[in-house]
Amino acid sequence: MGFTGHLIVFRAGSAELPEVPDPAEVLSCPGGWHVLTGSGTAASGSPGDLAARLAERTAAPALVARVFHSDWSEIHGCLPGGPAWMFEQAVHLVVEQAVRERFGCEQDDEGLSAEEWQECVDEVTAEWEQQRAEALGHALAWAGAAGLPFDPRQVELAVESDELYAEHAAWDLLRALGVPVPPDR
């Protein structure tokens, strides 16, 4: 069992930090950025709602990454006054689970040919590729609205991450978006 928890990213002045669920660690970064980490699941509603509340309260972009057992993460981002967006990161690790949920089959099921299995995988993968393409547009808009220095190619690589540990992929995404986190994170 790996890490389960969240990274909450927002920009706020030196005034009181907004209320966030159970922060285990507050990392203050240059430019008024903050990254809060916590283990377990966020207790104050959905991550998209939390990102929207933080964006409204701080009048700056906010992002929440929920990591599940180090296997995959959900990234929720929001701009002030805008709708929250979400995508699943490191999804290649959960293809089999998604196929099982959607089609009710597993790769080693008797009577299921390799071609039939691959068709199921291809359908799930095609949806994720579309979601990642949309997520890339949202992530680039997020970084641009935040006024952060970023390389679009690095953001694309982070969105399509094949990192083994989802929490590492989430930190890589933050760095790619230009959030000034220390390199050792």
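Residues numbered from 1 in each chain as written. Predicted model: local features only at pLDDT ≥ 70, side-chain atom pairs only at ≥ 80, totals over all residues. Heavy atoms only, no water.

**Digging into helix H5 (residues 166–177)**
Residues separated by three or four positions in an α-helix point in the same direction, a consequence of the helix having 3.6 residues per turn. The end-to-end C-alpha distance of H5, which contains 12 residues, comes to 16 Å, matching closely the 16 Å that a straight helix rising 1.5 Å per residue would cover. Summarising burial for H5: nine of the 12 residues are buried, a large majority. Of all the residues in H5, the buried ones are Ala166, Glu167, Ala169, Ala170, Trp171, Leu173, Leu174, Ala176 and Leu177. After H5 finishes, the residue Gly178 shows a positive phi value of roughly 95 degrees. (Helix = DSSP H or I, 4+ residues; strand = E, 2+ residues; numbered from the N terminus. Expected span 1.5 Å × (residues − 1). Buried < 20%, exposed > 50% of the residue type's maximum accessible area, 1.4 Å probe, protein only.)

**Observations regarding the pairing of strand S4 (residues 62–68)**
Side chains on a regular strand alternate between the two faces of the sheet. A large share of S4 lies buried, amounting to seven of its seven residues. Side chains of S4 alternate between two faces, with Ala62, Val64, Arg66 and Phe68 and Leu63, Ala65 and Val67 buried alike. Relative to S4, strand S1 (residues 5–11) runs antiparallel, the two being bridged by six bridges. When the sheet's bridge partners are listed, Val9 is paired in S4 with Leu63. Bridge count for S4 against strand S5 (residues 72–78) is seven bridges, and the pairing is antiparallel. Bridge pairing in S5 links Phe68 to Trp72. (Pairing = 2+ DSSP bridges.)

**Observations concerning unusual backbone geometry**
Even without glycine at this site, His69 takes up a positive phi of about 50 degrees. Along the chain, His69 falls in the loop between S4 and S5. Phi angles above zero are rare outside glycine, and Ser70 is one such case at about 65 degrees. Mapped onto the fold, Ser70 is located in the loop between S4 and S5.

**A few points about the pattern of salt bridges**
Evaluation of the coordinates by the stated rule reveals five salt bridges. In this structure, Arg102 and Glu123 form a salt bridge, with 3.7 Å as the shortest nitrogen-oxygen distance. Remark: Glu123 occurs in helix H3 (residues 114–146) and Arg102 occurs in helix H2 (residues 95–103); sequence separation between them is 21 residues. For Glu156, the salt bridge identified is with Arg153, shortest N-O distance 3.1 Å. Taken together, the residues Glu156 and Arg153, both in helix H4 (residues 152–159) and three residues apart, mark about one turn of the helix. With a relative accessible area of 25%, Glu156 lands in the partly exposed category. On the basis of relative accessible area, Arg153 is assigned to the partly exposed category, the value being 43%. Through salt bridges with shared partners, one network takes in Arg102, Glu123 and Glu127. (Salt bridge = Lys/Arg side-chain N within 4 Å of Asp/Glu carboxyl O.)

**Focus: helix H1 (residues 47–58)**
Counted at 1.5 Å a residue, the expected span for H1 with its 12 residues is 16 Å, and the 16 Å between its end C-alpha atoms agrees. Of all the residues in H1, the buried ones are Pro47, Gly48, Leu50, Ala51, Leu54, Ala55 and Thr58. Buried residues along H1 cover an arc of 160 degrees about the axis, so they all sit on one side. Elements in contact with the buried residues of H1: S1, S4 and S5. (Arc of directions from axis to C-beta. Contact = heavy atoms within 4.5 Å.)

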